[in-house]
Structure formats: structure tokens, C-alpha cells
Amino acid sequence: MVTRLSKTRPVHSRPPTSEHDAAGPLAGMAHGLQKQVGDAMAGLLGLHGPRMSKVDTAWLRMDSDTNLMLIVGVWVLRPHLSRAALCQRIEERLLKFPRFRQRVVEDAAGASWMDDPDFDLAHHVVTEKLPRMPRGREQEALQDRLARLTMEPLDKAHPLWQFHLVEHYKGGSALMVRIHHCIADGIALIGVTQTLVDGGSAPPEPAHHHYSANLQGAEAWLADTWIKPVTGLTVRALQLAGESAARSMQWLVQPQKGVEQGLHGSLEAARLVAHATTDLAALALMSDDSSTRLKGTPGHHKGVAWCAPIPLVEVKAVGKALNCSVNDVLLSCVAGAVGAYLNAHGDATEGQEIRAMVPVNLRPLDKAYQLGNQFGLAPLVLPIGIANPIERVYEVRRRMRALKGSMQPIMAFGLLAVAGLLVKPLQDAFLGLFARKTTAVITNVPGPREKIHLCGCTVEENLFWVPQSGTVGLGISILSYAGGVQFGVVADAHLCPDPQALIDQFAPEFAKLSTVTLMLPWGEDKS
């Protein structure tokens, strides 16, 4: 519910001069009684504290025995990072965001955010030791621990986040981070974690009242320094729907504005409705995904893997030579790697395709200070059966261009909001329809261009993995950082028991694309 606040007029003490004025005391009594009844009903239903949005509620209740809605990341640092220094930095900066001191309280109508009366940083920052491994194989132990953490539920009696510090790892340290998706989406959370780094301004104290037109507090800092620039990159990269999508997103969140505009723009509204209806039908009528060994019923264990960085300048050079975007090149490598992995296991892939859901940021820039989840999902069909790397990258480019103007990400956001209104069994059934049509979730996030530092330590590697829902068993993350691009995979151990074998296909696929690009005739228009 949106409450409109108007300027109050000064109240002068005077005797009532009309029947309306005489009713003032009675109206006050009625208002007081209404408030008492409302408070009583809120108490009966347990509706206390800031309410969780329906989309965030959907993410909260999406946890299952086979997939937890945890965003998991790791920073590899040098030299060693001490727990004391990390805790001090968290106290000074991360805890300026109220969400990280609040626990989730579920009730009959959804969920609320409540301050944790027993908040203890010791519960959220823990130290660990990895098994001793032969030199050169230390990463395997870190990967195994990360895989187990993706399936360890967070304690709902406390705020839903946890940092795991390995103080001694490969001559430095490793910091593993777990944050529940109901707190915020990936774009916002990357911005939040950047408040921890050296050299960045710490977010100011959060405002205690509603946000003014000039954003205040920690969330305002986040909006100006991180979300707005990254959102701009996302919009320019995907060019999904321009002003029409932004307007329709506004109407979705605030439908009363569409009513207030009356007949003005009614033709535009009719066009948007027709466009939305078409895209919603396409989303709802998607066929089930191709049957491959990566698609099936997931188990209760996962595997995690990542590859060495690929120089971003080389990716850009290939894209420029082929008149393709960096995103086209990277997604083509994903398709090629998945196809090569399946071929290596004896599976025929000729003519095969798999569908991946690609998150698209929908957060309006003037609302960027808010945490929570404000993104949609664009279904992208990857041509894993095209062996020729040039043919494959052009096909990926064609499909990405076909997504321009699509309102499917907005429709997906709306469907998540609807799911948040349902009881969990109905929500699971509702979202399960879409999980059957998807093999993977793929995220591509631009990270810092230069290496960042935490408490005097250099972050040498910066990786993250997003959760999968329902029966989806494969997550692929692409993150650019400090001049390199790294691919990461989190996979169900039953469907993909050797994720390292899959991740090892990414670099060779890019190498093949790069080599063939160099062999093409120079001076020809590659369109």
C-alpha cells in the first residue's frame, strides 16, 4: 500500500462552527478505535516490522531440499586477512545496512523484517580450516567446501547471511560469503559488498524515517556509487525495451499512475497491453527444454568449479572483429562449452538447444537505494549443437537481438510477485512449471576494472554463484574483474558429477573462436 503524505495545515484552537467541525472529536475517537483494532489484528496475525515484498517472499519460500536460494561468493586474498580486521570492517560498514541486523519472521500473510534481539557477529563471521592438499591442488579443497556451503541452510532465527574466513589459503586467505536471495538480488548485493573494500567511502548512517526526494543513508550511497552505473551498463548491453518497458514496469509496480493518466496515452497503453499479452503468452507456452544429462531430478549435493581468467581485451577484440558484443562472445562460449562437455560424455548434440534464464535488472534508477529483488528473467535458447564457432556466435547474436523490446523479463518479475501471494505448495507448483522448461541460469555481471583491496589485502580472485530453483541443476556465472573474465559453475552432483570437466571447456572454446576469427578475410563486412 502506498501512503500519500500532504502538507499539514496549522491547527488553530477554536470552537466548532459547523456540524463537520462538531464531528471532529467523534472522528478522532473513531480513528483511535480503528488504530486499536488494526493493531490488534496485526498482533493476531503477527504482522510486525517492515513487510517483505511479495517478490522477496517468493525467494524466501523457494528454498527446497535440492536447491537453496543462496548467493554464494568467494574472494581469494593476499596476504593473510585476520578475523579481527574483517569483523571491524563489517561493524563499521556492512552493518550500516539494517537488513544485515534483521531476521525474517514469517506469518500468515507473508513475512516481516525484525531486528534480531540476539544479534551476535560471532554467529555471522566464522573461521574455517580446509583439509591439507598437495601443492597445486589447494583449490580443490576450497571448491569442495563451497559446494557444501551451497546446501547448508542459514539459521532463520538470525539474519540470513554468513561469512566463512579461511585465514590460511595459498599464501593468503579465502573469504566465502553466503547471503540469502530474499535480502537482495545480485546487482544490489555486489554493491553492498563493495562497501567493505579499502578506499571506498563508507555508507553513512541510515535514515530513521522515510526517504526524502534526495536519497539519504546507506542505500542512497549504494544507489549513487554502484547500482546506477551497473544498471546503465546492463541497459546499454541488453537494450531490452527502452522507455516502453520502463513505463510498463512503473505501471506494474504503481498501477494507480496508469489510472491517473486517464485517456492520455491510451493508444500507447493499448500497444503495451498487446505487447505484454504476446510476451506473456510466449513465456507461458514455452515448450519443455531439451532432454540432456544436465536436465533431470537434482539430488542433495552440488559441485563448484571455476577457470582461470580470460583477458577481457582479447574478448573485446574478437567481438569487435565479428561485429558482436562481448556478451554475444561469452554466451557463445557457454553454448560451445556445454556442447563439448556433452559430446565428451558420448551424447549427440547436433541440432540440440538448451534454454537458460538470464537475469535482467529492472530496478528503476530513482528506486536504486532499495535492497530486495527487482529483476526479471529473459529466456535465452543456446545453440549447443552448432559446432562451428563463427556460426554459433552469429546465431547467439541473432537471438540476443530478438530479445530487444521483449517484455518477458517484466512478465517474469510480475509472476514472481504473484507467486509470493500463494501458499508455499501452490508457489512450488506454479514455479515448477517454468523450472521444467529450463536447464540453466546464467548471470553476466561487470565487476571492478581494477583489483580491489580489503583490510590491506589484495583481492586476487572474485567469484560468485547464483542459486537455481525447482529442478534446475546448473548455474553458470560470468564475472569480469580487473581486466579478466572468469567463468564459474555450480552444478547438481547427480546431473553433473564433474563440473570441473565442464568448466575446462570454456577456455578452449574461446581459443577456437579467437583462432578462427584471425583466419577470416580482413576488410570484409561481418554482419
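Residues numbered from 1 in each chain as written. Predicted model: local features only at pLDDT ≥ 70, side-chain atom pairs only at ≥ 80, totals over all residues. Heavy atoms only, no water.

## So, the overall build of the chain
Right, so step 1: Summing up its helical and strand segments, the chain has 18 helices and 15 strands in all.
Right, so step 2: Burial status across the chain gives 50% buried among its 527 residues.
Right, so step 3: Intrachain contacts of the chain at a sequence separation of at least 6 include 78% that bridge at least 24 residues.
Right, so step 4: Of the accessible surface of the chain, which amounts to about 25500 Å², a share of 58% is contributed by carbon and sulfur atoms. (Helix = DSSP H or I, 4+ residues; strand = E, 2+ residues; numbered from the N terminus. Buried < 20%, exposed > 50% of the residue type's maximum accessible area, 1.4 Å probe, protein only. Contact = heavy atoms within 4.5 Å. Areas by Shrake-Rupley, 256 points an atom, 1.4 Å probe, with all protein chains shown as cover.)

## Some thoughts on the environment of Arg355
Right, so step 1: The topology assignment puts Arg355 in strand S9 (residues 354-361).
Right, so step 2: Taking relative accessible area as the criterion, Arg355 reaches 10% and is therefore assigned buried.

## Some details on the pattern of salt bridges
Right, so step 1: Here the structure, examined in full by the defined rule, presents 14 salt bridges.
Right, so step 2: Where Arg399 meets Glu353, a salt bridge forms, and the shortest distance between an N and an O atom there is 2.6 Å. Taken together, the residues span a long stretch of sequence, with Arg399 in helix H14 (residues 389-402) and Glu353 in the loop between helix H13 (326-344) and S9 at a distance of 46 residues.
Right, so step 3: With a relative accessible area of 15%, Arg399 lands in the buried category.
Right, so step 4: When its relative accessible area of 31% is taken as the criterion, Glu353 is described as partly exposed.
Right, so step 5: One connected set of salt bridges, linked through shared partners, spans Glu353, Glu395, Arg398 and Arg399. (Salt bridge = Lys/Arg side-chain N within 4 Å of Asp/Glu carboxyl O.)

## Here we look at the packing of aromatic side chains
Right, so step 1: Counted under the stated rule, the structure contains 5 aromatic pairs.
Right, so step 2: Measuring from ring centre to ring centre gives 6.5 Å for Phe97 and Phe100, while their planes differ by 75°; the resulting arrangement is edge-to-face.
Right, so step 3: Site record: aromatic cluster; members linked through ring pairs are Phe97, Phe100, Trp161 and Phe163. (Phe/Tyr/Trp six-rings, centres within 6.5 Å; stacked < 30°, edge-to-face > 60°.)

## Quick word on the nonpolar core
Most often, soluble globular proteins have nonpolar side chains that are buried together.
Right, so step 1: In this structure, Ile90, Phe100, Trp161 and Phe163 are the most contacted members of the largest nonpolar core, which totals 59 residues.
Right, so step 2: A per-element tally of this core places strand S1 (residues 70-78) first, with 7 residues.
Right, so step 3: Among residues more than four places away in sequence, those in contact with Trp161 are Ile90, Leu94, Leu95, Phe100, Phe119, Leu121, His124, Leu154, Arg178 and Ile179.
Right, so step 4: Among the nonpolar cores identified, the runner-up in size contains 47 residues, and Val315, Ala356, Ile390 and Met400 belong to it. (Core = buried A, V, L, I, M, F, W, Y, C linked by side-chain atoms within 4.5 Å.)

## Comments concerning the environment of Trp59
Right, so step 1: Among the structural elements, Trp59 can be located in helix H3 (residues 54-60).
Right, so step 2: Residue classification places Trp59 among the buried residues on the basis of a relative accessible area of 8%.
Right, so step 3: With 124 residues separating them along the chain, Trp59 and Ile183 place their C-alpha atoms 9.1 Å apart.

## Section: helix H7 (residues 186-194)
Right, so step 1: The element H7 is largely enclosed, with a buried count of 8 among its 9 residues.
Right, so step 2: Those residues of H7 lying buried are Ile187, Ala188, Leu189, Ile190, Gly191, Val192, Thr193 and Gln194.

## Observations concerning the confidence of the model for the chain
Right, so step 1: On average, the chain scores 77 in pLDDT, and the residues at 70 or more come to 65%.
Right, so step 2: Across residues 1-23, where pLDDT falls below 50, the model places 7 contacts with residues more than four positions away in sequence or in other chains.
Right, so step 3: Across residues 209-264, where pLDDT falls below 50, the model places 96 contacts with residues more than four positions away in sequence or in other chains. (pLDDT = per-residue confidence, 0-100.)

## Details of the packing of H13 against H14
Right, so step 1: Closest axis-to-axis distance for the H13/H14 pair is 9 Å, and the angle between their directions is 120°. Of the possible angle classes, the one that applies to H13 and H14 is oblique. Two packed elements cross with a definite hand, and for H13 against H14 that hand is right-handed. Note on element contacts: H14 touches H13 through Pro389, Arg392, Val393, Val396, Arg397 and Met400, opposite Asn327, Asp328, Val329, Leu331, Ser332, Ala335 and Gly336. (Axes fitted to C-alpha atoms, helices over the stretch in contact; angles between N-to-C directions. Parallel < 35°, antiparallel > 145°, perpendicular 65-115°, else oblique. Left-handed = near helix turned anticlockwise from the far one by under 90°.)

## Details of unusual backbone geometry
Right, so step 1: Note that the residue after Arg78, namely Pro79, is joined by a cis bond; omega there is -5°.
Right, so step 2: Mapped onto the elements, Pro79 comes out in the loop between S1 and helix H4 (83-92).
Right, so step 3: Backbone geometry places Lys170, a non-glycine residue, at a positive phi of 50°.
Right, so step 4: Summarising the element assignment, Lys170 is placed in the loop between strand S5 (161-169) and strand S6 (172-180).
Right, so step 5: The exposure class assigned to Lys170 is partly exposed, which follows from its relative accessible area of 34%.
Right, so step 6: Located in the positive-phi region is Cys455, a residue other than glycine, with phi close to 50°.
Right, so step 7: Residue placement: Cys455 occurs in the loop between strand S12 (453-454) and strand S13 (457-465).
Right, so step 8: Take Cys455: its relative accessible area is 24%, and that puts it in the partly exposed class.

## A few points about the packing of helix H12 (residues 312-322) against helix H18 (residues 506-519)
Right, so step 1: H18 packs onto H12 with a crossing angle of 45° between their chain directions and a minimal axis gap of 10 Å. Relative to H18, the element H12 is oriented oblique. Considering the relative orientation of H12 and H18, their crossing is left-handed. In this structure, H12 uses Glu314, Val315, Val318, Ala321 and Leu322 to contact H18, whose residues at the interface are Phe510, Leu513, Ser514 and Thr517.
Right, so step 2: Its residues assigned to classes, the contact of H12 with H18 comprises 6 nonpolar, 2 polar and 1 charged. (Nonpolar A, V, L, I, M, F, W, Y, C, P; charged D, E, K, R; others polar.)

## Re the sheet that holds S5
Right, so step 1: With mixed pairing, 6 strands are arranged side by side in an open sheet as S4-S5-S6-S1-S13-S12. The outermost strands of the open sheet, each flanked by one partner alone, are strand S4 (125-128) and S12.
Right, so step 2: Where S1 meets S6, 8 bridges bridge the pair, whose relative direction is antiparallel. Residue pairing in the sheet places Val72 in a bridge with Arg178 of S6. (Pairing = 2+ DSSP bridges.)

## Observations concerning H18
Right, so step 1: End to end, H18 covers 20 Å across 14 residues, agreeing with the expected 20 Å (1.5 Å per residue, within 8%).
Right, so step 2: Phe506, Glu509, Phe510, Leu513, Ser514 and Thr517 are the residues of H18 that are buried. Seen along its axis, H18 keeps its buried residues to an arc of 135°; they face one direction. Along H18, the residues that are exposed and aim more than 90 degrees away from the buried face are Leu518 and Met519. (Expected span 1.5 Å × (residues − 1). Arc of directions from axis to C-beta.)

## Let's talk about the environment of Leu474
Right, so step 1: If you trace the backbone, Leu474 turns up in strand S14 (residues 474-481).
Right, so step 2: The spatial distance from the C-alpha of Leu474 to the C-alpha of Cys496 is 8.1 Å, given a sequence separation of 22 residues.
Right, so step 3: Setting aside residues up to four positions removed in sequence, Leu474 forms contacts with Leu294, Thr439, Ala440, Val441, Gln468, Val489, Val490, Ala491 and Leu502.

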